[in-house]
Amino acid sequence: MNTHPATNTSPASGSRLAHDARPVLVTGATGKSGRRVVTRLRACGVPVRAASRTGEHPFDWTNPGTWDGALDGVRALYLVQLNSSRLVRPFLDSAVRHGVRRVVLASGRGIDDPGYMPGSDVVRDAALDSEAAVRDSGLEWTISRPGWFAQTFTEGIYADAVRAGELRLPSGEGAAAFLDADDVAAVVAAALTEDGHTGRTYELTGPEAVTLAEVATTLSEATGRTVRYVPLSRREYVVELGRQGVPPEVAQALANAAESLRLGTDAQVSDGVERALGRPPRTFAEAVATTPMSRTWPGNWSASQ
C-alpha cells in the first residue's frame with residue numbers, strides 16, 4: 001500500500017508559469033519516466049506535447065528536422081537525452097530561439113564519479129556535457145539524477161528474468177536504493193510547473209538500500225510466484241546472454257550495469273525526492289505493489305506489456 005500522499009503537481013498560483021497556456025514538451029514520452037510525467041501533467045490540466053519516435057508527436061534526436069516542430073510554441077521541456085550523444089547543446093540553442101523558458105534534464109546518478117559504473121566513460125562524458133549545456137543555456141534549469149528504477153524488474157531489462165522466476169546476475173551481495181519511477185515523475189512535474197527548483201540538481205533514490213535477495217523476496221510476496229536471486233560470475237552471465245542471442249558488446253554493457261550493483265555504488269541514499277517534494281520517497285515494496293506486473297501475476301502475463 002502506498003503510505004505517502006500523492007504529490008500535487010498542478011502549477012502553484014504563484015508560479016511564473018502558472019498562467020502560461022503554452023504546452024510543456026516531454027521527450028522520451030513513451031519511456032518509464034516520460035510517460036509518467038505526461039500522465040501527471042495532464043491529470044493536473046497542464047497541456048503537454050508528448051514527443052518520441054513512435055508517440056503522439058514525432059521527434060527523433062538523430063533527425064534535427066523534427067526539432068523545430070517539437071519546440072514550436074513550447075513554454076518548458078523535459079529532456080530525456082539519447083545515450084552517448086552530444087545533441088542536448090544544439091537542441092537547447094534551438095529551444096532558446098523558440099522562446100522556451102524552462103528545462104528539466106534527465107541525467108543519471110553517479111555521472112561525476114568515474115568509478116560508478118565500469119565501462120561507461122562515453123555515456124558519462126556525454127551526460128556531463130548535457131548537464132553543462134543546460135547550465136549554460138540561460139534557461140531556468142533543473143537536473144534530475146535518478147539511480148536504479150524499481151521498475152527495472154517489472155518493465156525494464158530484468159522483467160523477463162523475473163517472469164521466468166530467476167534473477168541470474170553477477171551482482172553478488174550488492175544492494176541499491178531502488179527508486180520508484182513515479183517519484184521521478186513527481187519531481188520532474190514539480191520542477192516543470194512550480195517555482196523553487198531552478199538551479200537545483202536532485203540526486204534521486206529510494207529510502208533504503210535493498211539487496212537482490214530482498215528484491216526477489218519482495219517480488220515473490222507481491223506476485224504470489226516464487227522469484228529467486230541466483231548470483232553468477234561475470235563470465236557466466238556474459239555466456240548466458242550470448243546463448244540467448246545477445247550481441248557481445250551489449251552483453252558486456254549489461255554485465256557492467258549489473259556489476260555496479262555488486263560494487264554497491266548506488267546503495268547510498270540521497271535526499272533529492274524529499275528536497276523536491278517535501279515527502280520521503282516510496283519504498284521498493286510500495287513501488288512493486290502498484291506495478292502492472294504484480295496486478296497481472298499469476299494470471300494474464302501479457303497484460304502488463
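Residues numbered from 1 in each chain as written. Predicted model: local features only at pLDDT ≥ 70, side-chain atom pairs only at ≥ 80, totals over all residues. Heavy atoms only, no water.

## A short note on the overall build of the protein
Along its length, the protein carries twelve helices and eleven strands. Taken over 305 residues, the protein has a buried fraction of 51%. At a minimum sequence separation of 6, the contacts of the protein that also span at least 24 residues come to 77%. As presented, the protein carries roughly 13100 Å² of accessible surface, and 51% of it is formed by carbon and sulfur atoms. (Helix = DSSP H or I, 4+ residues; strand = E, 2+ residues; numbered from the N terminus. Buried < 20%, exposed > 50% of the residue type's maximum accessible area, 1.4 Å probe, protein only. Contact = heavy atoms within 4.5 Å. Areas by Shrake-Rupley, 256 points an atom, 1.4 Å probe, with all protein chains shown as cover.)

## A few points about the confidence of the model for the protein
In the predicted model, the protein carries a mean pLDDT of 89, and 88% of its residues have values of at least 70. The low-confidence segment residues 5–10, where pLDDT is below 50, has 16 contacts with residues more than four positions distant or belonging to other chains. For the stretch residues 294–305, pLDDT sits under 50, and the model shows 21 contacts to residues farther than four places along the chain or on other chains. (pLDDT = per-residue confidence, 0-100.)

## Notes on helix 9 (residues 248–263)
Counted at 1.5 Å a residue, the expected span for helix 9 with its 16 residues is 22 Å, and the 22 Å between its end C-alpha atoms agrees. Looking at helix 9, one finds that the buried residues are Ala-251, Ala-255, Asn-256, Ala-257, Ala-258, Glu-259, Ser-260 and Leu-261. Where the residues of helix 9 are buried, they touch strand 7 (166–169), strand 8 (175–176), helix 7 (212–223) and helix 8 (234–243). Gly-264 occupies a position one or two residues after helix 9 and carries a positive phi of about 70 degrees. (Expected span 1.5 Å × (residues − 1).)

## Here's the deal with the packing of aromatic side chains
Tallying each qualifying case throughout the model produces eleven aromatic pairs. Between the aromatic rings of Trp-67 and Phe-91, the centroid separation amounts to 5.3 Å while the plane-to-plane angle is 85 degrees, which identifies the pairing as edge-to-face. Pair noted here: Trp-67 is in helix 2 (residues 67–71) and Phe-91 is in helix 3 (residues 88–97), with a separation of 24 residues, a long-range link. A single burial state applies to Trp-67 and to Phe-91, both of which are buried. For the pair Phe-153 and Phe-178, a centre-to-centre distance of 5.2 Å together with 80 degrees between the ring planes defines the contact as edge-to-face. Remark: Phe-178 occurs in the loop between strand 8 and helix 6 (181–193) and Phe-153 occurs in the loop between strand 6 (140–146) and helix 5 (159–164); sequence separation between them is 25 residues. Accessibility assignment for this pair places Phe-153 and Phe-178 in one class, buried. A network of ring pairs unites the aromatic residues Trp-148, Phe-153, Tyr-158, Phe-178 and Phe-284 as a single cluster. (Phe/Tyr/Trp six-rings, centres within 6.5 Å; stacked < 30°, edge-to-face > 60°.)

## Quick look at the environment of Tyr-202
In this fold, Tyr-202 is placed in strand 9 (residues 200–204). On a C-alpha basis, the gap between Tyr-202 and Ile-143 in space is 6.2 Å, while along the polypeptide they are 59 residues apart. If we skip the residues at most four places from it in the chain, Tyr-202 touches Thr-142, Ile-143, Ser-144, Arg-145, Val-187, Gly-196, His-197, Gly-272, Arg-275 and Ala-276.

## Section: the packing of helix 1 (residues 32–43) against helix 6
Where helix 1 contacts helix 6, the two axes come as close as 8 Å, and the packing angle between them is 55 degrees. Considered as vectors, helix 1 and helix 6 are oriented oblique to each other. Considering only the axes of helix 1 and helix 6, their crossing is right-handed. On the side of helix 1, the interface is formed by Lys-32, Ser-33, Arg-36, Val-37, Arg-40 and Leu-41, while helix 6 contributes Ala-181, Asp-182, Val-184, Ala-185, Ala-186, Val-188, Ala-189, Leu-192 and Thr-193. Residue composition of the contact of helix 1 with helix 6, grouped by class: nine nonpolar, two polar and four charged. (Axes fitted to C-alpha atoms, helices over the stretch in contact; angles between N-to-C directions. Parallel < 35°, antiparallel > 145°, perpendicular 65-115°, else oblique. Left-handed = near helix turned anticlockwise from the far one by under 90°. Nonpolar A, V, L, I, M, F, W, Y, C, P; charged D, E, K, R; others polar.)

## Notes on helix 4 (residues 121–136)
Within an α-helix, residues lying three or four positions from one another point in the same direction, as the helix has 3.6 residues per turn. Under the 1.5 Å per step criterion, the end-to-end length of helix 4 is 22 Å for 16 residues, consistent within 8% with the ideal 22 Å. Within helix 4, burial applies to Arg-124, Ala-126, Ala-127, Asp-129, Ser-130, Glu-131, Ala-133 and Val-134. For helix 4, the secondary structure elements touched by its buried residues are helix 3, strand 5 (102–106) and strand 6. A positive backbone phi angle near 85 degrees is found at Gly-138, which sits one or two residues after helix 4.

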